[in-house]
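Here are the chains, one letter per residue:
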Amino acid sequence: MTDAAEPTSIVQKIIKLITSRYMLSVGAQALMSGFHFAMSFMLIRLVTPYGFGIYAYAFLLAMFASAVNNALISTPLTVYTPVVKDEDERAEQEAMFSTLNLMLFVGLIAAGLIYGFFSETTKPIILSVTAFVAVYAARQFSRSFGYARFKPLVTATGDIVYVLAGTLLVICIRLMADENTPELSLVSQMLFALAAANLVAMFVERWRLHGLKRRWLTFANVKNYTHVWEQSRWALVGALTTLFMSQAHGLIVTWSHGPSAFGPLAAGMVLFGPVRVALMTWQNMVKPEIALALSEKKGELVKKQIRKSVFLMGAAVLALGVFMWLGWPYLHEIMYAKRYSDQPMAYIVSIWFAITLFAALYNAPSAALQAMRDFKILANASIYGAVISGVLVALLLYLFKPETTLLGILAAEAFMALFLTRVMLNHLKKDWQ
């Protein structure tokens, strides 16, 4: 009877895992990543490296804005509020973070408009980039709210709505466009479409969390943020330096050589974009649970989670690399042969694979340190990484071609993996015995 029951039990466990709220949430995130991949794939084939460089640079700016939001608002929301037992106190803290999120959104819009007033860049591009960056950062908070309330399906719903709305808008843009449509106009329309889709998703997430009876704008006194700032300032330093560490090539190459030089580097990273987003999604989901487990002195559970995650993430990226290596001729033909035939795309994609592998290996230690509110160690590590990245990227760009700058990113990511793994091993041996 035991042998007969085991297969059924295994099947039931698999079904339960697949239908669990976290698997559904990851599935929705995968759908969103797939949508972004499809957008990049389409634009790689439709526009020149210059046009794609502008599109990729808009995403780079959005990532920096989102990093500020994540460090100062979204991560404190997911770390501080889940452990608050009193509902009124928790609502007060949530309102405080909501107010800060709105302030950041307004600040980003104002910064974009001021830049547009003095810049000679075409106004539609500036406005579309500004709208996309501001809304993208604001939705980082909206998505984190669902995780902080242990309702990942709310975030999953928002992700699905975002993909559906974005797909519909992009289809409309493509139907209205023709071969005479300027590429900058096309890029601008695509960014406006992504901003609008994010707004729709935010509305759905807020409605599912609070319903229509709650006021949509709940302002709060932000003076209570002082005690959060003592630690979140280190998170801000860590977030910005970590992002600079991984994107120094984008900033430096674009500033010195223009979007055309950045385009091929960004195009090579497209294949690994969904992986990087999946790693961030895992962090957002697991940080509240690790914080709660640590508050309840469940150190063994945290140990098991970290070890399992490092193994699974590393194995997944290695498997993806093998798949790309076997299918490279086909990938090159459908993605890069048309507009990037003069670029060393095989080299660029290979370096991005190595970079992504190291990022996957230190993702779990980084999440655990954030849940422990040890932002200072993370900030110090990322400062060193940013210095390594910035110096090597600038030096390689000065001596060689733009594609060699990726070696600077690789060196910095390898340093982070080694440093944070060592820190976490010390915690596993000493603090959680």
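First things first, this report covers the structure right here in the doc. (Residues numbered from 1 in each chain as written. Predicted model: local features only at pLDDT ≥ 70, side-chain atom pairs only at ≥ 80, totals over all residues. Heavy atoms only, no water.)

### Quick notes on the overall build of the chain
Rule in force here: Helix numbering and strand numbering both begin at the N terminus, where a helix is a DSSP run of H or I of at least 4 residues and a strand a DSSP run of E of at least 2. Burial here depends on accessible area, computed with a 1.4 Å probe over protein chains only, as a share of the maximum for the residue type. Under 20% is buried, over 50% is exposed, and the range in between is partly exposed. Throughout, a contact is declared for two residues whenever any of their heavy atoms are within 4.5 Å. Residue burial considers only the protein chains on display, and all accessible areas are found by Shrake-Rupley using a 1.4 Å probe.
When its secondary structure is counted, the chain shows 16 helices and zero strands. In the chain, buried positions account for 53% of the 433 residues. Long-range contacts, defined here as pairs at least 24 residues apart, represent 84% of the contacts in the chain between residues at least 6 apart. For the chain, the exposed area adds up to about 20500 Å²; of that, 69% sits on carbon and sulfur atoms.

### With respect to the side chain of threonine 75
By secondary structure assignment, the location of threonine 75 is in helix α3 (residues 49-80). The residues contacting threonine 75, other than those within four sequence positions of it, are Asn70, Lys287, Gln370 and Phe375.

### A few points about the packing of helix α9 (residues 259-269) against helix α13 (residues 345-361)
As a reminder of what qualifies: Between N-to-C directions, angles cover 0 to 180 degrees, with each direction set by a line fitted to C-alpha atoms, over the stretch in contact for helices. Any angle from 65 to 115 degrees is called roughly perpendicular, while one under 35 is roughly parallel, one over 145 is roughly antiparallel, and all others are oblique. Two helices cross in a left-handed way if the nearer one is turned anticlockwise from the farther one by less than a right angle. They cross in a right-handed way if the turn is clockwise. Think of it as three bins: nonpolar holds Ala, Val, Leu, Ile, Met, Phe, Trp, Tyr, Cys and Pro, charged holds Asp, Glu, Lys and Arg, and polar takes everything else, Gly as well.
It is at 8 Å that the axes of α9 and α13 come closest, and there the two elements cross at 55°. Looking at the two axes, α9 sits oblique to α13. Read as a crossing pair, α9 and α13 show a hand that is right-handed. Two secondary-structure elements touch here, α9 through Pro264, Leu265, Ala267, Gly268 and Met269 and α13 through Met345, Ile348, Val349 and Trp352. Its residues assigned to classes, the contact of α9 with α13 comprises eight nonpolar, one polar and no charged.

### Focus on the nonpolar core
This is how it is decided: Nine residue types can take part in a nonpolar core, namely buried Ala, Val, Leu, Ile, Met, Phe, Trp, Tyr and Cys, and a core is a set of them joined through side-chain atoms within 4.5 Å.
In this structure, Phe52, Tyr55, Phe97, Leu271 and Tyr336 are the most contacted members of the largest nonpolar core, which totals 89 residues. Sorting elements by how many residues they give to this core places α3 first, with 17 residues. Setting aside anything within four residues of it in sequence, one finds phenylalanine 97 in contact with Leu72, Ile73, Pro76, Leu77, Thr81, Phe141, Tyr225 and Val228. Counting 30 residues, the second-largest nonpolar core is a separate cluster that includes Leu279, Ile306, Ala368 and Ala417.

### Considering α9
Burial analysis of α9 places ten of its eleven residues in the buried class, which makes it a mostly covered element. Every buried residue of α9 is accounted for by Pro259, Ala261, Phe262, Gly263, Pro264, Leu265, Ala266, Ala267, Gly268 and Met269.

### Thoughts on the packing of aromatic side chains
Rule in force here: Centres within 6.5 Å make a pair out of two Phe, Tyr or Trp rings, where for Trp the six-membered ring is used; the pair is then stacked when the planes are under 30 degrees apart, edge-to-face when over 60, and tilted otherwise.
One pass over the structure, following the stated rule, counts 14 aromatic pairs. When the centroid spacing of 6.4 Å and the interplanar angle of 90° are considered together, the rings of tyrosine 384 and phenylalanine 415 count as edge-to-face. With tyrosine 384 in helix α15 (residues 375-399) and phenylalanine 415 in helix α16 (residues 406-430), this pair connects stretches of sequence that are 31 residues apart. Judged by its relative accessible area of 48%, tyrosine 384 is partly exposed. These aromatic residues form a ring-pair network of at least three members: Phe52, Tyr55, Phe59, Phe132 and Tyr136.

### Some details on the pattern of salt bridges
Selection criterion: One speaks of a salt bridge when a side-chain nitrogen belonging to Lys or Arg is within 4 Å of a carboxyl oxygen belonging to Asp or Glu.
Applying the stated criterion across every chain yields a total of three salt bridges. Residue arginine 139 pairs with glutamate 205 through a salt bridge whose shortest N-O separation is 2.6 Å. Here arginine 139 is found in helix α5 (residues 123-148), whereas its partner glutamate 205 is found in helix α7 (residues 183-210), with 66 residues between them in sequence. Of the two residues, arginine 139 and glutamate 205, both sit in the buried class. It is possible to trace a salt-bridge network through shared partners that takes in Arg139, Arg143, Asp159 and Glu205.

### Things to note about the side chain of glutamate 413
With respect to the helices, strands and loops of the structure, glutamate 413 is situated in helix α16. Residue class for glutamate 413 comes out buried when judged on its relative accessible area of 0%. Apart from residues no more than four positions distant in its own chain, glutamate 413 is found in contact with Met245, Ser246, Arg276, Ile355, Phe358, Ala359 and Tyr362.

### A word on a nonpolar patch on the surface
Here is the rule: Patch construction takes residues with relative accessible area above 30% that form no salt bridge. Like charges are linked within 9 Å, and nonpolar side chains (Val, Leu, Ile, Met, Phe, Trp, Tyr) are linked within 5 Å.
Residues Val237, Ile383, Val387 and Val391 make up a contiguous nonpolar surface patch of roughly 290 Å² in combined accessible area. At three residues, the largest contribution of residues to the nonpolar patch is made by α15. Checked against the element boundaries, valine 237 lands in helix α8 (residues 226-257).

Worth remembering: the numbers are spatial, not functional.
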